[in-house]
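A closer look at the structure
So the chains spell out like this:
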Amino acid sequence: LLDAVRTAALGEQESRRPRSGLAPVEWIIPLGLLDLLFAAFVWVQFTYLFGGRAHVIRTTGLTYAEYARQGFFQLVAVAALSLVVVALASRWARRRQPRDYWILGVLLGLLMALNLVVLASALKRLALYEQIYGFTRLRISVHAVILWLAGVLLLVLIAGAIRRGAWLPRAVVAFSAAALLLFNLVNPDGFVAARNVQRFFAADFAADRIDVSYLAGLSADAVPALTVLPGPQRACALEPHLELFEEPDSWPAWNLARARARAEL
């Protein structure tokens, strides 16, 4: 009997102690308001987010470069805020009943979905910028960052859907390493040169559709794509690479890209 009384008293004391974390009402309201804020932003700015070429033409003083940069910085800000909110909510949101898990999943899932809408807008703006002015190292690097963010957001969505997040940090690290490896396998300089040459031919050899001085500054990876240019453009683009014949690689410094470039030249 004494043991039972003692146990009941301890249970009563335990129930009076404040539990760590936020009660459902304390996290449902802020997350719901944040989702409404993001949804209102996407709704009000939808024409701006996906207006494309027509929006740039209609807006006085807006350039394609500014339009693309604004999309990227909006995406970074929104993604950073959302990931912080997801981390804090997962750590501090107290869930007692199954419906609490369901509500939290819906609120955070909607937040991630709105992030993907902003991401799609940033990708569309960058593609428009590349279509108008061609490709550069910086532009395809930004492209890669946007796609990497998309992968991270999808991993977070999966973790929320299965209600297990212990694997998420390792998955993000592995995904980041795989993305970096893939980016290198794409051969950025060769990709930039090939796409700009393709754009040049598609415009019927329009001189203003290719920046030969920029292409001349790319590495030896770009040489195979540049050799198909017409005579004047080819000579200007390849002239800096003629120095490859002046200093042949020793066997420890042998490089496949330089070997291919010498063969093409």
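Only a predicted model underlies this, so the values are computations on that prediction, with no experimental measurement involved.

Turning our attention to the packing of aromatic side chains. All told, the structure shown has 6 aromatic pairs when counted by the stated rule. Where Phe 46 meets Phe 50, the ring centres are 5.0 Å apart and the plane angle is 40°; that geometry is what we call tilted. Of this pair, Phe 46 and Phe 50 both sit in helix H3 (residues 46-50), 4 residues apart, which is roughly one turn of the helix. Against the face of Trp 92 rests Arg 91, its NZ or CZ located 4.3 Å from the ring centre. Geometry around Tyr 67 places Arg 125 over its ring, the cationic atom sitting 4.7 Å from the centre.

Another point: unusual backbone geometry. Phi angles above zero are rare outside glycine, and Asn 187 is one such case at about 65°. For Asn 187, a relative accessible area of 25% translates into the label partly exposed.

Right, let's get into the nonpolar core. Core analysis: the biggest nonpolar cluster contains 44 residues, and Leu 31, Leu 75, Leu 104, Leu 119 and Ile 146 have the highest contact counts within it. Going through the elements one at a time, helix H2 (24-44), H3, helix H5 (64-92), helix H6 (98-133), helix H7 (137-162) and helix H8 (168-185) are the ones with two or more residues in this core. A per-element tally of this core places H6 first, with 13 residues. Counting 20 residues, the second largest nonpolar core, distinct from the first, contains Val 197, Phe 200, Ala 220 and Val 223.

What follows is about the confidence of the model for the chain. On average, the chain scores 84 in pLDDT, and the residues at 70 or more come to 91%. Ranking the elements of the chain by mean pLDDT puts helix H1 (residues 2-16) last with 43 and H8 first with 94. Below pLDDT 50 for its whole length, residues 1-18 participates in 0 contacts with residues either more than four positions away or in separate chains.

So, about helix H9 (residues 188-202). Taking 1.5 Å per residue as the helical rise, H9 with its 15 residues ought to reach 21 Å, and the 21 Å between its terminal C-alpha atoms agrees with that figure. Taken as a whole, H9 has its buried residues at Pro 188, Asp 189, Gly 190, Val 192, Ala 193, Asn 196, Val 197, Arg 199 and Phe 200.

Attention now moves to a negative patch on the surface. Residues Glu 239, Glu 243, Glu 246 and Glu 247 make up a contiguous surface patch of negative charge. Tracing the backbone shows Glu 246 in the loop between helix H12 (231-238) and helix H13 (256-264).

To continue, consider a nonpolar patch on the surface. Together, Leu 22, Val 84, Leu 88 and Trp 92 line one region of the surface with nonpolar side chains, adding up to about 370 Å² of accessible area. Residue placement: Leu 88 occurs in helix H5.

Along the chain, Arg 262 turns up in helix H13. Arg 262 sits 68 residues away from Ala 194 along the chain, and the two C-alpha atoms are 18 Å apart. With near-sequence residues (within four places) excluded, Arg 262 lies in contact with Leu 244, Phe 245, Glu 247, Pro 248 and Asp 249.

A few words on the packing of H5 against H7. Contact geometry of H5 with H7 gives a least axis separation of 12 Å together with a crossing angle of 25°. One way to sum up the angle between H5 and H7 is to call them roughly parallel. Here the hand of the crossing between H5 and H7 comes out left-handed. Only Val 142, Val 145, Ile 146, Leu 149, Leu 153 and Val 156 of H7 make contact with H5, whose side of the interface consists of Phe 72, Leu 75, Ala 79, Leu 83 and Val 86.

All chains considered together, the criterion is met by 1 salt bridge. The shortest N-O distance in the salt bridge between Arg 137 and Asp 189 comes to 2.7 Å. Of the two residues, Arg 137 sits in helix H7 while Asp 189 sits in helix H9, which places them 52 residues apart along the sequence. In this structure Arg 137 comes out as partly exposed when scored by relative accessible area, which is 37%.

Reading the values: rules and limits
- Residues numbered from 1 in each chain as written.
- Predicted model: local features only at pLDDT ≥ 70, side-chain atom pairs only at ≥ 80, totals over all residues.
- Heavy atoms only, no water.
- Phe/Tyr/Trp six-rings, centres within 6.5 Å; stacked < 30°, edge-to-face > 60°.
- Helix = DSSP H or I, 4+ residues; strand = E, 2+ residues; numbered from the N terminus.
- Lys NZ or Arg CZ within 6 Å of the ring centre and 35° of its normal.
- Buried < 20%, exposed > 50% of the residue type's maximum accessible area, 1.4 Å probe, protein only.
- Core = buried A, V, L, I, M, F, W, Y, C linked by side-chain atoms within 4.5 Å.
- pLDDT = per-residue confidence, 0-100.
- Contact = heavy atoms within 4.5 Å.
- Expected span 1.5 Å × (residues − 1).
- Patch = residues over 30% accessible without salt bridge, like charges linked within 9 Å, V, L, I, M, F, W, Y side chains within 5 Å.
- Areas by Shrake-Rupley, 256 points an atom, 1.4 Å probe, with all protein chains shown as cover.
- Salt bridge = Lys/Arg side-chain N within 4 Å of Asp/Glu carboxyl O.
- Lys, Arg positive; Asp, Glu negative; His and termini not counted.
- Charge placed at Lys NZ, Arg CZ, Asp CG, Glu CD.
- Axes fitted to C-alpha atoms, helices over the stretch in contact; angles between N-to-C directions.
- Parallel < 35°, antiparallel > 145°, perpendicular 65-115°, else oblique.
- Left-handed = near helix turned anticlockwise from the far one by under 90°.

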